[in-house]
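Fold and geometry: a report
Chain by chain, the residues:
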Amino acid sequence: MHLDHSHDGPAPVSADAHRPDGRRRALRVGLGGPVGSGKTATVAALCRALRDQLSIAVVTNDIYTREDAAFLLRNAVLPPERIQAVETGACPHTAIRDDISANLEAVEDLEDTVGPLDLILVESGGDNLTATFSKGLVDAQIFVIDVAGGDDIPRKGGPGVTTADLLVVNKTDLAPYVGSDLARMAGDAKEQRGELPVVFQSLRSDEGVARVAGWVREQLAAWAA
Ligand SMILES: Nc1nc2c(ncn2[C@@H]2O[C@H](COP(=O)(O)OP(=O)(O)O)[C@@H](O)[C@H]2O)c(=O)[nH]1
Ligand SMILES: [Mg+2]
């Protein structure tokens, strides 16, 4: 069993909103969720939606490869110097929750080399439903699930579904084909999360990532205030 140690010991690094040089550091937003739910696709869409107004960088976590970073590079969502890959080895959740040093190094390195930055998106590697980010690594987290993974996932709960700052239910375009009941997913998510927000989206639709991008803008406004 893995415990979240972020409450022990010294204050998490991210509790300090300023860099050593006194500038405000970037808001760090984590994206977690099961393999294939659409995290990389959401990161790519967010970069496209926000890159003209904001200075953005991305850290990807892959188990053995740099696939996600390679995808973002191939699709030219950001200049290459703004994308860093962390190879996590067999335990992807450890790198975002327990031993966050490689990820912290990546975000700090990005701020040093391409900063000043407004926003750093950190995509986790392949998780199960229990993986959440340490509060020492990110300021806010998005948990991405998809309708094809089964419409009982919100009901099953787990810390990602119940506590993430934003729950994204992706691939709503596939619901008719896989027999997922979106109303039921919405009701179960509400029951698990209370007032915490949930966005249903399809990246194949015209609206795409717009509501998640709006949520990120709200987080940034609160961060800057
Ligand atoms: N139909 C559909 N496919 C999607 C959507 N979002 C992502 N995908 C596809 O789902 C697959 C996995 O997405 P990816 O972002 O790599 O998932 P990750 O493992 O969570 O990073 C890719 O083939 C995407 O093109 C969506 O909204 N609708
Ligand atoms: Mg990915």
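Keep in mind it's a predicted model, so treat the numbers as computed, not measured.

**Topic: the overall build of the protein**
Scanning the protein from N- to C-terminus turns up nine helices and seven strands. The C-alpha radius of gyration computed for the protein amounts to 17 Å, which stays within 12% of the reference 17 Å derived for 225 residues, consistent with globular compactness. Principal axes of the C-alpha set define a box for the protein whose edges measure 50 × 40 × 40 Å. Out of the 225 residues in the protein, the part that is buried amounts to 50%.

**Here we look at the nonpolar core**
In terms of nonpolar packing, the biggest core is built from 34 residues, with Leu46, Cys47, Leu50, Leu119, Leu121, Ile142 and Val212 touching the most fellow members. Those residues in contact with leucine 50, other than ones at most four positions away along the chain, are Ile56, Leu119, Ala213, Val216 and Arg217. One finds Ala57, Leu104, Ile120 and Leu137 within the second-largest nonpolar core, a separate group that totals 17 residues.

**Looking at the site of ligand 1**
Surveying the vicinity of ligand 1 reveals 16 residues, the closest of which are Gly36, Lys39, Ala41, Asp173 and Leu203. Between a nitrogen atom of ligand 1 and a side-chain N or O atom of arginine 204, the distance comes to 3.3 Å. For ligand 1, the accessible surface in isolation is 580 Å², of which the surrounding protein chains cover 73%. Per-element tally for the shell around ligand 1: the top contributor is helix H1 (residues 39-50), with three residues. Class assignment for the residues of the shell around ligand 1 results in five nonpolar, six polar and five charged.

**Some details on helix H9 (residues 210-224)**
Taking 1.5 Å per residue as the helical rise, H9 with its 15 residues ought to reach 21 Å, and the 21 Å between its terminal C-alpha atoms agrees with that figure. Here H9 has its buried residues at Val212, Ala213, Trp215, Val216, Leu220 and Trp223. On an axial view of H9, the arc spanned by its buried residues comes to 155°, and they lie on one face. For H9, the exposed residues lying more than 90 degrees away from the buried face are Glu218, Ala221 and Ala222.

**Here we look at the coordination of the magnesium ion (ligand 2)**
Looking at the metal site, the magnesium ion (ligand 2) is ligated by Thr40 (OG1), Asp68 (OD) and Glu123 (OE), spaced 2.1 to 2.3 Å from it. Between consecutive donors of the magnesium ion (ligand 2), the numbers of intervening residues give the motif T-x27-D-x54-E. Of this pair, aspartate 68 sits in helix H2 (residues 67-74) while glutamate 123 sits in strand E4 (residues 119-123); the two residues are 55 residues apart in sequence, bridging distant segments of the chain. Across the pair, glutamate 123 and aspartate 68 agree in class, each one buried.

**Here we look at the environment of alanine 26**
Residue position: alanine 26 is located in the segment before strand E1 (27-32). Residue classification places alanine 26 among the buried residues on the basis of a relative accessible area of 0%. Note: C-alpha distance between alanine 26 and glutamate 111 (85 residues apart in sequence) is 7.7 Å. Not counting the four nearest positions on each side in its chain, alanine 26 is found in contact with Glu111, Leu117, Asp118, Leu119, Ile120, Asp139 and Trp223.

**A look at the sheet that holds strand E5 (residues 140-146)**
The strand order across the open sheet built from seven strands is E3-E2-E4-E1-E5-E6-E7, with neighbouring strands paired in parallel fashion. Each of the sheet's edge strands pairs with one partner strand only, and the pair in question is strand E3 (83-87) and strand E7 (198-200). In this sheet, adjacent strand axes meet at a mean angle of 20° when their direction is disregarded. Taken together, the five bridges between strand E2 (residues 56-62) and E4 define a ladder with parallel strand orientation.

**So, the packing of H1 against H2**
Running from amino to carboxyl end, H1 crosses H2 at an angle of 35°, the nearest separation of the two axes being 10 Å. For the pair H1 and H2, the sense of crossing is right-handed. Residue-level contacts link Thr40, Val43 and Ala44 of H1 to Asp68, Phe71 and Leu72 of H2. Partitioned by chemical class, the residues of the contact of H1 with H2 number four nonpolar, one polar and one charged.

**Brief notes about the confidence of the model for the protein**
The predicted model of the protein has a mean per-residue pLDDT of 89, with 93% of residues at 70 or higher. For residues 1-15, every residue scores under 50 in pLDDT, and the model assigns this stretch 21 contacts once sequence neighbours within four places are set aside.

**Things to note about the side chain of asparagine 170**
Inspection of the secondary structure puts asparagine 170 in strand E6 (residues 166-170). The exposure class assigned to asparagine 170 is buried, which follows from its relative accessible area of 2%. Setting aside its immediate chain neighbours within four residues, asparagine 170 contacts Ser37, Gly38, Val144, Ile145, Asp146, Val147, Gln201, Ser202 and Leu203.

Rules and cut-offs
- Residues numbered from 1 in each chain as written.
- Chains lettered and ligands numbered in written order.
- Predicted model: local features only at pLDDT ≥ 70, side-chain atom pairs only at ≥ 80, totals over all residues.
- Heavy atoms only, no water.
- Helix = DSSP H or I, 4+ residues; strand = E, 2+ residues; numbered from the N terminus.
- Rg over C-alpha atoms; globule rule 2.2 N^0.38 Å.
- Buried < 20%, exposed > 50% of the residue type's maximum accessible area, 1.4 Å probe, protein only.
- Core = buried A, V, L, I, M, F, W, Y, C linked by side-chain atoms within 4.5 Å.
- Contact = heavy atoms within 4.5 Å.
- Near = heavy atom within 4 Å.
- Polar contact = N/O pair within 3.5 Å; in protein donor to acceptor, adjacent residues only side chain to side chain.
- Areas by Shrake-Rupley, 256 points an atom, 1.4 Å probe, with all protein chains shown as cover.
- Nonpolar A, V, L, I, M, F, W, Y, C, P; charged D, E, K, R; others polar.
- Expected span 1.5 Å × (residues − 1).
- Arc of directions from axis to C-beta.
- Donors = N, O, S within 2.8 Å, 3.2 Å for Na, K, Ca; no water.
- Pairing = 2+ DSSP bridges.
- Axes fitted to C-alpha atoms, helices over the stretch in contact; angles between N-to-C directions.
- Left-handed = near helix turned anticlockwise from the far one by under 90°.
- pLDDT = per-residue confidence, 0-100.

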